[in-house]
Amino acid sequence: MFGLTALELARIQFGFTISFHIIFPAISIGLASYLAVLEGLWLWKKDSVYLELYHFWVQIFAVAFAMGVVSGLVMAYQFGTNWSHYSAFAGSITGPLLSYEVLTAFFLEAGFLGVMLFGWKKVGPGLHFFSTMMVAAGTLISATWILASNSWMQTPQGFEVINGRVVPVDWLKVIFNPSFPYRLAHMTVAAYLATALFVGASGAWHLLKRHDTPAVRTMLSMAMWLVLIVAPVQIAVGDAHGLMTREHQPAKIAAIEGHWESKPGESVPLILFGWPDMAAETTRYAVEVPHLGSLVLTHSWNGQIAGLKDFAPQDRPDSTIVFWTFRIMVGLGFLMVLLGAWSAWVRWHRVLFKSRHFLRFAVAMGPTGLIAILAGWITTEVGRQPWVVYGVMRTKDAVSNHSALELSVTLIVFVVLYTAVFGTGIRYLLKLAAKGPGPLDGHFPEPAPADGRPARPLSAVGDRLDTAIALESKRS
């Protein structure tokens, strides 16, 4: 297929499937926490706007969550089908970590998701709020275990290789490997940012369409507060992540920067733009800022980093790819900071909901959180090459013994099915978002039956509270 080898096709297939998958957990993580905040504010302030927003966004969360589960199952199977040698080599670590994710996070989410989605008329407000918080906690726990597994592949420790297989000797070191805390923080903040941008874009779009309601204003305002606060935090987390990567994966940093050689006594310039040429071992058309590379990468004026020429050609990541994916991620990050600052400016001048230039910019920024996540993921994974377990197992030794023809056929099938299934799902998500929050239409918790028996396995006090909140919400 286009002259590609079986190894290249297996990598493309895994990259394609995970690119679809990563979108949905990111939205699920952010929306689950957002829903917990909305329900908490409703219980606290008794303002029906928060309940209206909850019922609007929980529909989108349910669809994203379902598509995340389905796409994740396909990904897991590929470890056994396309990467069987990796599974045989490192399955003693990857297997338990993924099992812990199922036993803790997935079971927690599955146990409370039904109550969260369908329990308004069956449980009291306290238990329903607890269910929402447990689902939100489950999404974060799931991210923790998945990133622990992937981070171990990036910075492996706590193991020995015995008889050609990995044997864990210290699970705390396996889980809390050097890159894990940085990558967990980076991904979690990225999920919150992507969700805030999505929610904010939805609110801005409805305001541009003159659907100006308290609920629409509230969701735009909340989203912009989060972007204002969290976007600068993400830059700080990314900087700390970069310092860790320079220490443990220096070849990745050199590839990201398009940096080929450090000269004694000279600082490292920051290459803003250019075209890394792997064959010629140079970055063509480089636009540089003197000393800035040293400041960013070492926090010193004349600090130096390893260049790609310090590594054997077969041990170098593809700088042409990661150089640009990293800059896409960082460039979008600075645009997010700009959006947050602009929102503060128009809020200060009391035109947050009226400035059409700002609202158009907010709509345009809607998908950038997810694009930045994909660009960051490509940077991380391509930058790890040629290793599947960094410094321990090469990617070419991890792939299954399939022919290029077999992988070509399955890749085509994946592209067709994913485009049809998940393309339809994404279109449906956007259609739901375009409807906007509206009247609740009977979604209020129902009062207890006339015979005085509780309508759910809680006390009658919970029923009376539901009734009071519903009446107060209807009056407002």
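It should be emphasised that the depicted structure is a prediction, and the values quoted were computed from it without experimental measurement.

### Examining the overall build of the protein chain
Here is step 1 of the chain: Scanning the protein chain from terminus to terminus reveals 14 helices and 6 strands.
Here is step 2 of the chain: Taking 23 Å as the expected radius of gyration for a compact globule of 476 residues, we find that the protein chain reaches 25 Å, a close match to that expectation.
Here is step 3 of the chain: Seen through its C-alpha atoms, the protein chain measures out along the principal axes to roughly 80 × 55 × 40 Å.
Here is step 4 of the chain: The buried share among the 476 residues of the protein chain stands at 50%.

### Considerations on the pairing of strand β2 (residues 165-168)
Here is step 1 of the chain: In terms of strand pairing, strand β1 (residues 159-162) meets β2 through 4 bridges, oriented antiparallel. The residue of β2 that forms the bridge with E160 is V167.
Here is step 2 of the chain: As consecutive antiparallel partners, β1 and β2 are separated by 2 residues, and within that stretch N163 has a phi angle of approximately 55 degrees, a positive value.

### Comments concerning the side chain of T368
Here is step 1 of the chain: By the secondary structure assignment, T368 is in helix α12 (residues 368-384).
Here is step 2 of the chain: Owing to a relative accessible area of 7%, T368 belongs among the buried residues under this scheme.
Here is step 3 of the chain: Every residue in contact with T368, bar those within four places of it in the chain, is listed here: L197, L332 and M336.

### Description of the packing of aromatic side chains
Here is step 1 of the chain: Under the criterion given, the structure shown has 24 aromatic pairs.
Here is step 2 of the chain: Ring centres of W57 and F198 lie 5.7 Å apart, and the angle between their planes is 75 degrees; on these two criteria the pair is classed as edge-to-face. Taken together, the residues W57 in helix α2 (residues 48-81) and F198 in helix α6 (residues 180-208) connect sequence positions 141 residues apart.
Here is step 3 of the chain: Assessed through its relative accessible area of 0%, W57 is described here as buried.
Here is step 4 of the chain: With a centroid separation of 5.7 Å and an interplanar angle of 35 degrees, the aromatic rings of F61 and F65 are classed as tilted. Within this pair, F61 and its partner F65 are both found in helix α2, separated by 4 residues, close to a single helical turn.
Here is step 5 of the chain: In textbook terms, an aromatic cluster arises when at least three aromatic residues are bridged by ring pairs, as seen for F16, F20, F24, F414, Y418 and F422.
Here is step 6 of the chain: In this structure, R327 is placed above the aromatic ring of F323, and the distance from its NZ or CZ to the ring centre is 3.6 Å.

### Concerning the pattern of salt bridges
Here is step 1 of the chain: Under the defined criterion, the tally for this structure stands at 8 salt bridges.
Here is step 2 of the chain: Residues D212 and R217 are paired through a salt bridge, measuring 2.7 Å at the closest nitrogen-oxygen approach.
Here is step 3 of the chain: Among the salt bridges present, the one from D397 reaches K396, with a minimum N-O distance of 3.5 Å.
Here is step 4 of the chain: Overall, D397 belongs to the partly exposed group, its relative accessible area being 39%.

### Concerning the pairing of strand β3 (residues 270-277)
Look at any regular strand and the pattern is simple: side chains alternate between the two faces of the sheet.
Here is step 1 of the chain: Note that β3 and strand β4 (residues 282-289) share 6 bridges and pair antiparallel. Looking across to β4, one finds that I271 is bridged to E288.
Here is step 2 of the chain: The hairpin turn running from β3 into β4, its antiparallel successor, is 4 residues long, and E281 in that turn takes a positive phi close to 55 degrees.

### Focus on the nonpolar core
Here is step 1 of the chain: In terms of nonpolar packing, the biggest core is built from 109 residues, with W57, I60, F61, Y86, W152 and L339 touching the most fellow members.
Here is step 2 of the chain: Discounting residues that sit within four places of it in the chain, W57 has contacts with L31, Y34, L35, F198, V199, S202 and M219.
Here is step 3 of the chain: One finds A254, I256, W260 and L308 within the second-largest nonpolar core, a separate group that totals 7 residues.

### A few points about the environment of T379
Here is step 1 of the chain: Positionally, T379 belongs in helix α12.
Here is step 2 of the chain: The exposure class assigned to T379 is buried, which follows from its relative accessible area of 4%.
Here is step 3 of the chain: Spatially, the C-alpha atoms of T379 and M329 are 9.0 Å apart, while their sequence positions differ by 50 residues.
Here is step 4 of the chain: Discounting residues that sit within four places of it in the chain, T379 has contacts with K252, I256, V322, T325 and F326.
Here is step 5 of the chain: Among the polar contacts made by the side chain of T379, one reaches the main-chain amide nitrogen of F326 at a distance of 3.3 Å.

### Notes on the packing of α6 against helix α13 (residues 404-435)
Here is step 1 of the chain: Following both chains from N to C, one finds α6 and α13 inclined at 50 degrees, their axes separated by 9 Å at the closest point. Compared by their axis directions, α6 and α13 come out oblique. In the crossing of α6 with α13, the sense of the turn from one axis to the other is right-handed. Residues F198, S202, W205 and H206 of α6 lie in contact with α13, whose contacting residues are L430, A433, A434 and K435.
Here is step 2 of the chain: In the contact of α6 with α13, the residues fall into 5 nonpolar, 2 polar and 1 charged.

Calculation notes
Residues numbered from 1 in each chain as written. Predicted model: local features only at pLDDT ≥ 70, side-chain atom pairs only at ≥ 80, totals over all residues. Heavy atoms only, no water. Helix = DSSP H or I, 4+ residues; strand = E, 2+ residues; numbered from the N terminus. Rg over C-alpha atoms; globule rule 2.2 N^0.38 Å. Buried < 20%, exposed > 50% of the residue type's maximum accessible area, 1.4 Å probe, protein only. Pairing = 2+ DSSP bridges. Contact = heavy atoms within 4.5 Å. Phe/Tyr/Trp six-rings, centres within 6.5 Å; stacked < 30°, edge-to-face > 60°. Lys NZ or Arg CZ within 6 Å of the ring centre and 35° of its normal. Salt bridge = Lys/Arg side-chain N within 4 Å of Asp/Glu carboxyl O. Core = buried A, V, L, I, M, F, W, Y, C linked by side-chain atoms within 4.5 Å. Polar contact = N/O pair within 3.5 Å; in protein donor to acceptor, adjacent residues only side chain to side chain. Axes fitted to C-alpha atoms, helices over the stretch in contact; angles between N-to-C directions. Parallel < 35°, antiparallel > 145°, perpendicular 65-115°, else oblique. Left-handed = near helix turned anticlockwise from the far one by under 90°. Nonpolar A, V, L, I, M, F, W, Y, C, P; charged D, E, K, R; others polar.

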